[in-house]
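# Report on the structure
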Amino acid sequence: VMRRMQKEMDRGLKLETHEEASVKMLPTYVRSTPEGSEVGDFLSLDLGGTNFRVMLVKVGEGEEGQWSVTTKHQMYSIPEDAMTGTAEMLFDYISECISDFLDKHQMKHKKLPLGFTFSFPVRHEDIDKGILLNWTKGFKASGAEGNNIVGLLRDAIKRRGDFEMDVVAMVNDTVATMISCYYEDHRCEVGMIVGTGCNACYMEEMENVELVEGDEGRMCVNTEWGAFGASGELDEFLLEYDRVVDETSLNPGHQLYEKMIGGKYMGEIVRLVLLKLVNENLLFHGEASEKLKTRGSFETRFISQIESDADDWKQTYNILTSFELLPSLTDCDIVRMVCESVSTRAAQMCSAGLAGVINRMRESRGEERLKITVGIDGSVYKLHPSFKDQFHATVRQLAPGCDITFLQSEEGSGRGAALISAVACKMACLIGR
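Residues numbered from 1 in each chain as written. Predicted model: local features only at pLDDT ≥ 70, side-chain atom pairs only at ≥ 80, totals over all residues. Heavy atoms only, no water.

This part covers unusual backbone geometry. At Tyr 29, a position not held by glycine, the phi torsion is positive, near 65 degrees. Summarising the element assignment, Tyr 29 is placed in the loop between β1 (26–27) and β2 (40–47). If you check the backbone angles, Phe 284 has positive phi at about 50 degrees while not being a glycine. For Phe 284, the location among the structural elements is in the loop between α8 (263–279) and α9 (300–307). When its relative accessible area of 4% is taken as the criterion, Phe 284 is described as buried. (Helix = DSSP H or I, 4+ residues; strand = E, 2+ residues; numbered from the N terminus. Buried < 20%, exposed > 50% of the residue type's maximum accessible area, 1.4 Å probe, protein only.)

Another aspect to go through is the sheet that holds strand β12 (residues 370–377). On the basis of which strands lie adjacent, the open sheet formed by six strands has the order β1-β11-β10-β9-β12-β13 and mixed pairing. At either end of the open sheet lies a strand with only one pairing partner, and these are β1 and β13 (402–408). Bridge count between β1 and strand β11 (residues 218–222): two bridges; the pairing is antiparallel. Counted as the bridge partner of Pro 27 is Val 221 from β11. Along the sheet, helix α11 (residues 329–364) makes contact with β9 (188–194), β10 (198–205), β12 and β13, crossing β10 at roughly 0 degrees. Seen against the sheet, helix α13 (residues 387–398) touches β9, β12 and β13 and runs at an angle of roughly 160 degrees to β13. (Pairing = 2+ DSSP bridges. Contact = heavy atoms within 4.5 Å. Axes fitted to C-alpha atoms, helices over the stretch in contact; angles between N-to-C directions.)

By secondary structure assignment, the location of Gln 305 is in helix α9. C-alpha separation for the pair Gln 305 and Ile 319, spaced 14 residues apart in sequence, amounts to 8.8 Å. Apart from residues no more than four positions distant in its own chain, Gln 305 is found in contact with Gln 315 and Ile 319.

α13 packs onto α11 with a crossing angle of 40 degrees between their chain directions and a minimal axis gap of 8 Å. The angle between α11 and α13 falls in the class oblique. Handedness of the α11/α13 crossing: right-handed. In this structure, α11 uses Ser 343, Thr 344, Ala 346, Ala 347, Gln 348, Cys 350, Ser 351, Ala 352, Leu 354, Ala 355, Ile 358 and Asn 359 to contact α13, whose residues at the interface are Phe 387, Gln 390, Phe 391, Thr 394, Val 395 and Leu 398. Across the contact of α11 with α13, the residue classes tally to 11 nonpolar, seven polar and no charged. (Parallel < 35°, antiparallel > 145°, perpendicular 65-115°, else oblique. Left-handed = near helix turned anticlockwise from the far one by under 90°. Nonpolar A, V, L, I, M, F, W, Y, C, P; charged D, E, K, R; others polar.)

Looking now at the pairing of β10. With respect to burial, β10 is a largely interior element, eight of its eight residues being buried. A two-sided burial pattern is seen for β10, the buried positions comprising Cys 198, Ala 200, Tyr 202 and Glu 204 on one face and Asn 199, Cys 201, Met 203 and Glu 205 on the other. Two elements, β9 and β10, share five bridges in a ladder whose sense is antiparallel. Each bridged residue has a counterpart across the sheet, and for Met 192 the counterpart in β10 is Ala 200. The hairpin turn running from β9 into β10, its antiparallel successor, is three residues long. For β10 and β11, the ladder comprises five bridges, and the chain directions are antiparallel.

Where helix α6 (residues 240–247) meets α8, the closest approach of the two axes is 9 Å, and the angle between their N-to-C directions is 125 degrees. What the angle tells us is that α6 and α8 run oblique. At the point where α6 passes α8, the crossing takes the right-handed sense. Between α6 and α8, the residues in contact are Glu 240, Tyr 241, Asp 242, Val 244 and Val 245 and Tyr 265, Glu 268, Ile 269, Leu 272, Val 273 and Lys 276, respectively.

What follows deals with the nonpolar core. For soluble globular proteins, nonpolar side chains are generally found buried alongside one another. Counting 78 residues, the largest nonpolar core has Met 192, Trp 225, Leu 354 and Phe 391 as its most contacted members. Apart from the residues lying within four places of it in its own chain, the contact partners of Met 192 are Thr 174, Thr 177, Asn 199, Ala 200, Trp 225, Cys 350, Leu 354, Val 374, Gly 375, Ile 376, Asp 377 and Phe 391. In terms of nonpolar packing, the next biggest core, distinct from the first, is built from 41 residues, Met 83, Phe 120, Phe 139 and Ala 156 among them. (Core = buried A, V, L, I, M, F, W, Y, C linked by side-chain atoms within 4.5 Å.)

Okay, structure coming up:
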């Protein structure tokens, strides 16, 4: 899987094969990492799942030239009709949330620079211009695909007319995570999310980024590796359960790698395995409840709860009885084994991608040993009891020539977007834009 991933990454970076590559390797136009002289108030927005976050970030000079970053934020949940209606509805809702947030913090009168973390596949034309290639993770708002997302946001802010904003940068959540962690550890050159979905970015040598002019230095590349498998690279690893998850999803045939790893899909895989065991009379006396037969009813958080259960099976028993099942101790054992199998596979699959990225960086830099830090965020990575350890161990096994430090990001997407806005503002001042 790692070798195939590397081959697709290579195809994604090259002009002639980029179109057909399943891993798109999108240039982000984020070239420089923050230096620490970028200070001021910034607003950042974070849209990447069912929740949308608005954050006020104050970047100031701390002791010994270090930054001090303080944040205030608020979560807004996105209604189903905004996710699946029109782009105009979605962005009007977003600007309504910004307006509400500015009211609460008495900031309506200030025109703040805004960084927008937007965690969907985007083809960047500049740091503040990006075309949405396709929605993922359950979003379907019409009229957004093929359009400039920053333009849609600016239009919605204009339509509202009760505040002004200067949208200076749009970044992917992996990029924001990497920058946010870079601020703690200057070796951080990879950003990664393992949450609802799964993706990674890293600093690539400019000479390898054929989609952008220039050979000097490095640019952050958003791999969009969740789409890996679209050309059949994963076919021999997909199980019957994966095929059902894919066929019943909003985007069949797409994001196959992500569907083996992401929190949006893990619970559903477990549910399908449990049903199969029931049908083979190996579980719950061959009787499945209506709730267990309901698609999407087995949430990924149940996997974490079941796997962190003590020997008395209390949590597992409670979860299963909430499904109107009467489990025996053996049933509880089996359910836990299913959960462990699914989460272990997710961790190992995920590690193949990251090891592919890190080995590639080491080779293209011609280093015998690469010391690198990976900034990571996401609910699966943070909340599952054993995912992290299995993932770390397998990455190290697959990348023996690298010394890898894993850094868990706190509020990465919001802070990172604000720091990138700070850099973008500073660059714009330098260029006199």
